[in-house]
Amino acid sequence: MILTHDDVQEIIRILDASPYDELEIETDRYKLTLRRGGSGWTQATETARAERPAAIAAKTTQAETILEPGTLGVRAPLVGTFYRAPKPGAAPFVEVGDTVDEHTVVAIIETMKLMNSVHAGVRGVVSEICAANAEFVEHGRILMKLRAP
Amino acid sequence: MIHRVLIANRGEIAARIIRTCRRLGVETVLAASEADLDSVPARLADRVVCIGAAPPARSYLNVAAIVGAAEGAHCDAIHPGYGFLSENAALGHACNDAGVIFIGATEEQLASVGDKWRAREIATAAGLPVVPGGMARSTEEARALIESIGCPALVKAVGGGGGRGMKRIDHPARTDETIALAIAEADAAFGDARIYIERFVEHGRHVEVQLLGDGETIIHLGDRDCSIQRRYQKLVEEAPAPNLGGDLRKRLHAAAASYGEALSYRGLGTVEFLVDDRRGEFFFLEMNARIQVEHPVTEAITGLDLVAEQIAVAEGRPLRLSQDDVRFSGAAIEFRINAEDSAHDFRPSPGMVTAAEFPAGPGIRVDTHVEAGSTVPPFYDSLLAKIIVHGSDRADALVRSKAALAACRIAGVHTNLAMHRAILDDPEFRAGGVSTNWFGQFWRRASA
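All values derive from a computational prediction rather than experimental measurement. (Residues numbered from 1 in each chain as written. Chains lettered and ligands numbered in written order. Predicted model: local features only at pLDDT ≥ 70, side-chain atom pairs only at ≥ 80, totals over all residues.)

## Regarding the overall build of chain A
Next up, step 1: Within chain A, the secondary structure is distributed over 2 helices and 11 strands.
Next up, step 2: Start at the N end of chain A and walk to the C end: the helices and strands fall as α-β-β-β-α-β-β-β-β-β-β-β-β.
Next up, step 3: Counting all 149 residues of chain A, 29% fall into the buried class.
Next up, step 4: Pairs at least 24 apart in sequence give 53% of the contacts found in chain A among residues at least 6 apart. (Helix = DSSP H or I, 4+ residues; strand = E, 2+ residues; numbered from the N terminus. Buried ≥ 20, exposed ≤ 12 C-beta atoms within 10 Å, placed from the backbone. Contact = placed C-beta atoms within 7 Å.)

Structural data, given as structure tokens:
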């Protein structure tokens, strides 16, 4: 909930002087229920899932990308910066249409100046590259999609 | 100035840090594991970055993932909360390398107080009393030590702290096997096989002093009593520590400040003491270089926001208040509501919370990360909420606490609420100033 403890105390001070035994405040970000009972006031809260603009949502909930049936995903094994090529100017590890197997290195993720190889993990044909070169990716983010070979 | 903070933690402390950041106009990015992506703090944060799988070693304890997330999300600073990497010198070091502010002590200070033996030596050098004891590099050395300090004795891991990696020796004949086990466990748990032995103080109270420093000036923010513990885990804390006779309180404050000065401490930290109030003696235990779970009782009686002070110091600003500016008002008690079944030997009780009604009103603060519908994952600690009650004095706080605990209702997971209500009704607790071995005896009595 977004209200502070002081806010809640202030609301109760106002309610205490009123004949009401229950107050419900609901906004798009939270719901607060205050009830007067035998032992005094109680509070119950509901915090809404953050409603973020679509453009930001794509960045904030990367891990939730959903795969269509028949498609396999190569996920980021750790948080960091995604690179398609071993160094700037070099050819990408893979392109759409390439066949890969479990051990094929398809990208690197840089975290704290350390380069970590990303392996395809499964056999398949690259059907889509879902992250941009040099993009910051979260753990679990789908980097590439593969279809059965 | 810090504009965007990565919170490298979860649970109630993450929610609590977000609250202060919002008030200060600082953006928050929550580093969350896969298990916490839909948690209350994840809903409160401005942005969430998934840093890894649910097991802590793969997320909240992963220095590279956390610093990588801070860099990727363009954060100026990392707040580590408590537990996890909060006192990890490697995280402090990685932050320095990455040019990200670590909201905490310096790398050197973390290393000094993290090595519990070195921390003890600093205490001795600063003139603080320590419990008689010494390092034991072998079972032979341990036997000689036990002979000189006597039994019962406490074996502690140099890399431990916070009650972790401690073993009691009640009889000298058990020395060899206990030491061998303690060394093996210390090596496995902390990657540091070193152990030391201290005399076990039977009638000790756990009293700690809150410090705040900017690297030059150190002030104290009073004391807390955390003697209500089960297996070295705190359950109830209060500020100020009740019934500290004579000049004991003043001496504790001064000793803690000397310790902070010896380190030129920067940030928020706590010096823990074992207090034998019958003899008017106290001993240095350890220093915690981070925010404590129980910090809200200090906030209640001082009116300060300790997270805001941490951020100010981390920005490189001098302390905003002098010792004389710190005023204490009334008494505060904190109850840790855990997802543990106190009726069944405190068995952890993860699962879905179906109802969460907390007390509200004057003097009551609830720091929590659970609401109806929240999941308590099995991977982390069992803390659900902290109920903090502030009164005009301790008697008033006890009265308010009674009503507050009566009004609290949590369903879906088992809790230790019944235990807290029983503690509150106990005459010895109500009298104030029980020792750390009180809870075990009380609970045997209460559950008989």
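## Things to note about the overall build of chain B
Next up, step 1: Per the secondary structure count, chain B includes 15 helices and 23 strands.
Next up, step 2: Taking 2.2 N^0.38 as the reference for a compact globule, 448 residues should give roughly 22 Å; the C-alpha atoms of chain B span a radius of gyration of 21 Å, in line with that estimate.
Next up, step 3: If one aligns the C-alpha atoms of chain B with their principal axes, the spans along those axes are about 60 × 50 × 45 Å.
Next up, step 4: In chain B, which comprises 448 residues, the proportion classed as buried is 55%.
Next up, step 5: Of the contacts formed within chain B by residues at least 6 apart in sequence, a portion of 65% connects residues at least 24 apart. (Rg over C-alpha atoms; globule rule 2.2 N^0.38 Å.)

## Things to note about the interface of chain A and chain B
Next up, step 1: Taken together, the 32 residues of chain A in the interface contact 33 residues of chain B.
Next up, step 2: The element that contributes the greatest number of residues to the side of chain A that touches chain B is strand S3 (residues 40–47) of chain A, accounting for 8 residues.
Next up, step 3: Taken together, the residues that form the side of chain A that touches chain B break down as 13 nonpolar, 16 polar and 3 charged.
Next up, step 4: Alignment of S3(A) against strand S19 (residues 355–360) of chain B, held across 3 bridges, turns out to be antiparallel. Its bridge partner being in S19(B), A:Trp41 is matched across the sheet by B:Ala360. (Nonpolar A, V, L, I, M, F, W, Y, C, P; charged D, E, K, R; others polar. Pairing = 2+ DSSP bridges.)

## Re the domain arrangement of chain A
Next up, step 1: The domain architecture assigned to chain A consists of domain 1 (5–47) and domain 2 (62–147).
Next up, step 2: For domain 1 of chain A versus domain 2 of chain A, the distance between C-alpha centres works out to 49 Å. (Domains from an automatic or database assignment.)

## Notes on the domain arrangement of chain B
By convention, interface size is frequently given as the accessible area that disappears when the constituent parts associate.
Next up, step 1: Entries for chain B in the domain assignment read domain 1 (4–103), domain 2 (132–199) and domain 3 (205–446).
Next up, step 2: For domain 2 of chain B and domain 3 of chain B, the distance between their C-alpha centroids amounts to 28 Å.

## Side note on the packing of helix H4 (residues 89–98) of chain B against helix H5 (residues 107–114) of chain B
Residues and elements named next belong to chain B.
Next up, step 1: H5 packs onto H4 with a crossing angle of 170 degrees between their chain directions and a minimal axis gap of 8 Å. When the axis of H4 is compared with that of H5, the two are roughly antiparallel. Contacts between H4 and H5 pair Ala-89, Gly-92, His-93 and Asn-96 from the former with Glu-107, Leu-110, Ala-111 and Gly-114 from the latter.
Next up, step 2: In terms of residue class, the contact of H4 with H5 is built from 3 nonpolar, 4 polar and 1 charged. (Axes fitted to C-alpha atoms, helices over the stretch in contact; angles between N-to-C directions. Parallel < 35°, antiparallel > 145°, perpendicular 65-115°, else oblique.)

## Focus: the confidence of the model for chain A
Residue and element names in this part refer to chain A.
Next up, step 1: Of all residues in chain A, 89% have pLDDT values of 70 or greater, and the mean over the chain is 87.
Next up, step 2: The secondary structure element of chain A with the lowest average pLDDT is helix H2 (residues 54–60), at 41, and the one with the highest is strand S6 (residues 99–100), at 96.
Next up, step 3: Contacts for the low-pLDDT stretch residues 53–64, under 50 throughout, to residues beyond four places or in other chains number 13 contacts. (pLDDT = per-residue confidence, 0-100.)

## A look at unusual backbone geometry
Residues and elements named next belong to chain B.
Next up, step 1: Looking along the chain, the bond that leaves Cys-151 and enters Pro-152 is cis, with omega of -5 degrees.
Next up, step 2: The step from Ala-239 to Pro-240 runs through a cis peptide bond, and the omega angle for that step is -5 degrees.
Next up, step 3: Assignment of secondary structure puts Pro-240 in the loop between strand S12 (233–239) and helix H9 (248–263).
Next up, step 4: In this model, Arg-231 sits at a positive phi of 50 degrees, which is unusual for a non-glycine residue.

## Overview of the confidence of the model for chain B
Next up, step 1: With 100% of its residues at a pLDDT of at least 70, chain B reaches an overall mean of 95.
Next up, step 2: The ipTM assigned to the predicted complex is 0.87, against a pTM of 0.92.

## With respect to the environment of B:Asp345
Next up, step 1: Residue placement: B:Asp345 occurs in the loop between strand S16 (340–341) and strand S17 (347–348).
Next up, step 2: Separated by 134 residues in sequence, B:Asp345 and B:Leu211 have C-alpha atoms that sit 35 Å apart.

## Thoughts on helix H13 (residues 417–425) of chain B
All names here are of chain B.
Next up, step 1: Leu-417, Met-419, His-420 and Ile-423 are the residues of H13 that are buried. For H13, the angular spread of the buried residues around the axis is 155 degrees, confining them to a single face.
Next up, step 2: Structurally, H13 contributes buried residues whose contacts are with strand S11 (218–230), S12, strand S15 (331–338), helix H12 (394–407), strand S23 (409–411) and helix H14 (427–431). (Arc of directions from axis to C-beta.)

## Notes on the nonpolar core
The tendency in soluble globular proteins is for nonpolar side chains to be buried side by side.
All names here are of chain B.
Next up, step 1: Ranked by internal contacts, the top residues of the largest apolar core, which has 167 residues, are Leu-6, Ile-66 and Ile-78.
Next up, step 2: At 7 residues, H9 tops the list of elements feeding residues into this core.
Next up, step 3: In contact with Ile-78, other than residues within four places in its own chain, are Leu-6, Ala-8, Ile-66, Ala-70, Cys-95, Val-100, Phe-102 and Ile-103. (Core = buried A, V, L, I, M, F, W, Y, C linked by C-beta atoms within 7 Å.)

## A few points about the sheet that holds strand S6 (residues 133–136) of chain B
Residues and elements named next belong to chain B.
Next up, step 1: Taken together, 4 strands build an open sheet; the order of strands is S6-S9-S7-S8 and the sheet is antiparallel. For this open sheet the edge positions go to S6 and strand S8 (164–169), each flanked by a neighbour on one side alone. Across the sheet, the mean angle separating the axes of adjacent strands is 25 degrees when strand polarity is ignored.
Next up, step 2: As paired strands, strand S7 (residues 153–161) and S8 are joined by 5 bridges and run antiparallel to one another. Paired with Ala-153 across the bridge in S8 is Ile-169.
Next up, step 3: Contacts between helix H8 (residues 175–190) and the sheet are confined to S6, S7, S8 and strand S9 (195–199), with S7 contributing the most and set at about 15 degrees to the helix.

## Quick look at the sheet that holds S3(A)
Next up, step 1: Taken in spatial order, the 5 strands make up an open sheet running S1(A)-S2(A)-S3(A)-S19(B)-S23(B), and their pairing is antiparallel. Either end of the sheet is taken by a strand with one partner, and the two such strands are strand S1 (22–26) of chain A together with S23 of chain B. Geometrically, the sheet is characterised by an average inter-axis angle of 20 degrees between neighbouring strands, direction not taken into account.
Next up, step 2: For strand S2 (residues 30–37) of chain A and S3(A), the ladder comprises 8 bridges, and the chain directions are antiparallel. The residue of S3(A) that forms the bridge with A:Thr33 is A:Ala44.
Next up, step 3: Packing against the sheet, helix H1 (residues 5–16) of chain A makes contact with S1, S2 and S3 of chain A together with S19 of chain B, and its axis sits at approximately 45 degrees to S2(A).

## Brief notes about helix H10 (residues 295–302) of chain B
Residue and element names in this part refer to chain B.
Next up, step 1: The buried fraction of H10 amounts to 8 of the 8 residues, a majority that puts the element mostly inside the structure.
Next up, step 2: Buried within H10 we find His-295, Pro-296, Val-297, Thr-298, Glu-299, Ala-300, Ile-301 and Thr-302.
Next up, step 3: One or two residues past the end of H10 sits Gly-303, with phi positive at roughly 75 degrees.

## Some words on the pairing of strand S2 (residues 27–33) of chain B
Two faces, one strand: in a regular strand the side chains alternate between the faces of the sheet.
All names here are of chain B.
Next up, step 1: Across the 7 residues of S2, 6 count as buried, placing the element largely inside the fold.
Next up, step 2: Here strand S1 (residues 4–7) pairs with S2 via 4 bridges, running parallel. Across the sheet, Arg-4 pairs through a bridge with Glu-27, a residue of S2.
Next up, step 3: Since S1 and S2 lie parallel, the crossover through helix H1 (residues 11–24) that links them has a hand, and here it is right-handed. (Right-handed = clockwise from strand over helix to strand, strands pointing away.)

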